[in-house]
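Coordinate inspection notes
Residue strings, one per chain:
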Amino acid sequence: MSGLIPQQFVENLLDRIDLAELIGSRITLKKAGANYKACCPFHDEKTPSFNVRPDKGFYHCFGCGAHGDAISFVREFEGLGFTEAVEELAKRAGLEVPYDRAAKQEIQQARTLTDALDFASRFYQTSLKGQQGAYARDYLQQRGLDNAIIEQYQVGYAPSTGTALFDAASKDLQGPLIETGTVSDKYGRPRDLFRNRAMFPIRNTRGRTVAFGGRTLGDDKAKYINSPESDVFHKSREIYGLFEAKQAIRQLDKLLVVEGYMDVIALAQHGIHYAVATLGTATNQDSLTALLKQVRHIVFCFDGDQAGFRAADRAMENALELMADGLHLQFLMLPQGEDPDTLVRKEGPEAFQKRIEGATPLSRYLFDRQSEGLDLQLPEHRGELRARVEPLLNKMPRSTLRDAMWHEMLRLCGGRNQWQNRQQGQKGWRNGERRDRVSEDRIDVKLSKDSILCLALLEAPDLATEVTELARSSRQFNQARNFAEWILANEIRDRKTLVRTLALDMTARERFYHLFDGIEHIPARESTLAAARELLSPNEEASRQQRLATLLRNLSSLTSEERQELRALSSGTGD
């Protein structure tokens, strides 16, 4: 729909919007020079890292990376689509969005369909409370749902009468109900799609009803049925419970993806408000993309039977192509015969929360699954593991995570510190328990001295003076010298200021954009600083070894004094 709004109008609209006023009407901003600061509304933090620059027309969070203009902010903060965000800002600015006639008709059509579906949702809720909904109320009570959670998720009841919804709708809503498939005219006469079912409305991120899921209360062959796809409902893109989760938790930092409506609602009733469910094929890339638009941390929760593991495998394989640094995916496999609904009621929310916290990371899950049935003490089985894992890793985009997993594969297939170290009969993570992490070989990362110094400057800019002196005296380390001199020129003394300056200074960003291109693995901060300190201030032993090596290389031409020095260095006195 964004292409139906003239770009010139969008630009004029952004020029009219005072970004600080817009954002300040939703969160508390504090003046910081010409800019404003606040705690980021898109992730949980205690120290303000969210910056607003009204003069440039953008905001940026140095904590989570959120960045954009007024339209981006309204979309993320309010959960709106592009068109709705533009309309919201246009209303604020006193403007009318210049849609063409076809676009206006399309928008009006979508609104008409959601109006009809919202009416259907209210009808089902009323039916649940009426006399005909007594059996449905008993069923929901037996499932442990209280009135508050039923109201929150707008659970309803579809009467068994074949045309109850159609008859209750006004003439102008009957057509849209047929168009969405909520009422069927397949046989030439209207008939409600959902009959004698507990109803679960599926709402989009704006809270509008776009479809329904219905659970039979009789002996229908289909236990659950969903609305067919329509102009307002694409099952691969909608996430059940997402709207409710965002209402309950303003700053979502992770989502727990479960398999059913009742799982979502039962977990919410027990205080776990970030559970959602995908629709249709639960693990396709459309649904994963929709989830990753909301959070960077996803925990997939599946039943611990074969079907559950197959579903988890599909989720894992589809996620690989989308994985990038900063994303965190985990897998929680429940004990056989249990689902989130039954388990949270049996063991309580605290125990279930511990299961979530102990969920298996994607990298660990991949190697666990692919090494099943293999004895990695055998070369043939190590070859089999590589044949299984390598195609999966090749699906991943280039990232630090991919490189680390590639090294893990090489480590396992190389036969050192075998992956499988299980006692006979050990159940492990298949019973929903967290398996102890096996010890791993440290992967040494060999970097040039110039790169080590550049990384050290990134971690500790206060080393700039020492790095500059070393580079000038040795006439080496050109990259580190340029970086250090720039840090000194800009009087940067801490990492936070350095990162902010690099992000906001276009000239600096272009100058140092390729500084770390040749580095595939970033060592730990402590290792980087230790290596840099060794270069900046070599210890006595390192100096002794270096001098000893020099003397030995020139042994035939040493003076008597140098031979005496060699003997002293060889004995370890070094005097």
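These figures come from a predicted structure and were not determined experimentally. (Residues numbered from 1 in each chain as written. Predicted model: local features only at pLDDT ≥ 70, side-chain atom pairs only at ≥ 80, totals over all residues. Heavy atoms only, no water.)

**Details of the environment of glycine 213**
Within the secondary structure, glycine 213 sits in strand S10 (residues 209–216). For the pair glycine 213 and serine 227, spaced 14 residues apart in the sequence, the C-alpha separation amounts to 6.5 Å. Beyond its immediate sequence surroundings of up to four residues, glycine 213 is in contact with Phe194, Ala198, Met199, Phe200, Ile202, Ile225, Asn226 and Tyr261. (Helix = DSSP H or I, 4+ residues; strand = E, 2+ residues; numbered from the N terminus. Contact = heavy atoms within 4.5 Å.)

**Overview of the environment of serine 25**
Relative to the elements of secondary structure, serine 25 occurs in the loop between helix H2 (19–24) and strand S1 (30–32). Judged by relative accessible area, which is 45%, serine 25 ranks as partly exposed. A distance of 2.6 Å separates a polar atom in the side chain of serine 25 from the backbone oxygen of leucine 22. (Buried < 20%, exposed > 50% of the residue type's maximum accessible area, 1.4 Å probe, protein only. Polar contact = N/O pair within 3.5 Å; in protein donor to acceptor, adjacent residues only side chain to side chain.)

**Here we look at helix H24 (residues 525–536)**
Between the first and last C-alpha of H24 there are 16 Å, a value that for 12 residues agrees with the 16 Å anticipated at 1.5 Å per step. Buried residues of H24: Thr528, Ala532, Leu535 and Leu536, and no others. Down the axis of H24, the buried set is contained in an arc of 95°. They therefore lie on one face. Tucked into the core, H24 has its buried residues touching helix H19 (449–459) and helix H20 (464–474). (Expected span 1.5 Å × (residues − 1). Arc of directions from axis to C-beta.)

**Topic: the packing of helix H1 (residues 7–16) against helix H4 (residues 82–93)**
Running from N to C, H1 and H4 point in directions that differ by 50°, and their axes come no closer than 10 Å. Between H1 and H4, the crossing angle belongs to the class labelled oblique. Viewed along their axes, H1 and H4 form a crossing whose handedness is left-handed. Contacts between H1 and H4 pair Phe9, Val10, Leu13 and Arg16 from the former with Phe82, Val86, Leu89, Ala90 and Ala93 from the latter. (Axes fitted to C-alpha atoms, helices over the stretch in contact; angles between N-to-C directions. Parallel < 35°, antiparallel > 145°, perpendicular 65-115°, else oblique. Left-handed = near helix turned anticlockwise from the far one by under 90°.)

**Quick notes on the sheet that holds strand S9 (residues 197–203)**
Through backbone hydrogen bonds, the strands of a sheet pair up, either in parallel or in antiparallel fashion. The strand order across the open sheet built from 4 strands is S6-S9-S10-S11, with neighbouring strands paired in antiparallel fashion. Looking at strand neighbours, the two that pair on one side only are strand S6 (156–158) and strand S11 (224–226), the edges of this open sheet. Each neighbouring strand pair of the sheet contributes to a mean axis angle of 35°, computed without reference to strand direction. Here S10 pairs with S11 via 3 bridges, running antiparallel. Bridging across to S11, glycine 214 finds its partner in isoleucine 225. (Pairing = 2+ DSSP bridges.)

**Some thoughts on the pairing of S9**
When a strand is regular, its side chains alternate between the sheet's two faces. Across the 7 residues that make up S9, a large majority, 7, are buried. Burial along S9 is two-sided: Arg197, Met199, Pro201 and Arg203 facing one way and Ala198, Phe200 and Ile202 facing the other are all buried. Direction of pairing for S9 relative to S10: antiparallel, over a ladder of 7 bridges. Across the sheet, the residue bridging to alanine 198 is arginine 215, located in S10. Once S9 ends, the chain turns through 5 residues before running back antiparallel as S10, passing glycine 207 with a positive phi of about 85°.

**A short note on the pattern of salt bridges**
What the rule picks out here adds up to 22 salt bridges. For arginine 208, the salt bridge is made with aspartate 115, and the minimal N-O distance between the two is 2.6 Å. Taken together, the residues span a long stretch of sequence, with arginine 208 in the loop between S9 and S10 and aspartate 115 in helix H5 (residues 101–129) at a distance of 93 residues. Judged by its relative accessible area of 37%, aspartate 115 is partly exposed. Note that glutamate 485 is salt-bridged to arginine 472, the shortest N-O span being 3.4 Å. With glutamate 485 in helix H21 (residues 478–489) and arginine 472 in helix H20, this residue pair connects regions lying 13 residues apart in the sequence. Each of Asp115, Asp118 and Arg208 takes part in a single network of salt bridges with overlapping partners. (Salt bridge = Lys/Arg side-chain N within 4 Å of Asp/Glu carboxyl O.)

**Notes on the packing of H19 against H21**
Contact geometry for H19 and H21: axes closest at 7 Å, N-to-C directions at 20°. Considering their axes alone, H19 and H21 lie roughly parallel with respect to each other. Remark: the crossing between H19 and H21 carries left-handed chirality. Contacts between H19 and H21 pair Asp450, Leu453, Cys454, Leu457 and Leu458 from the former with Asn478, Gln479, Ala480, Phe483, Ala484 and Ile487 from the latter.

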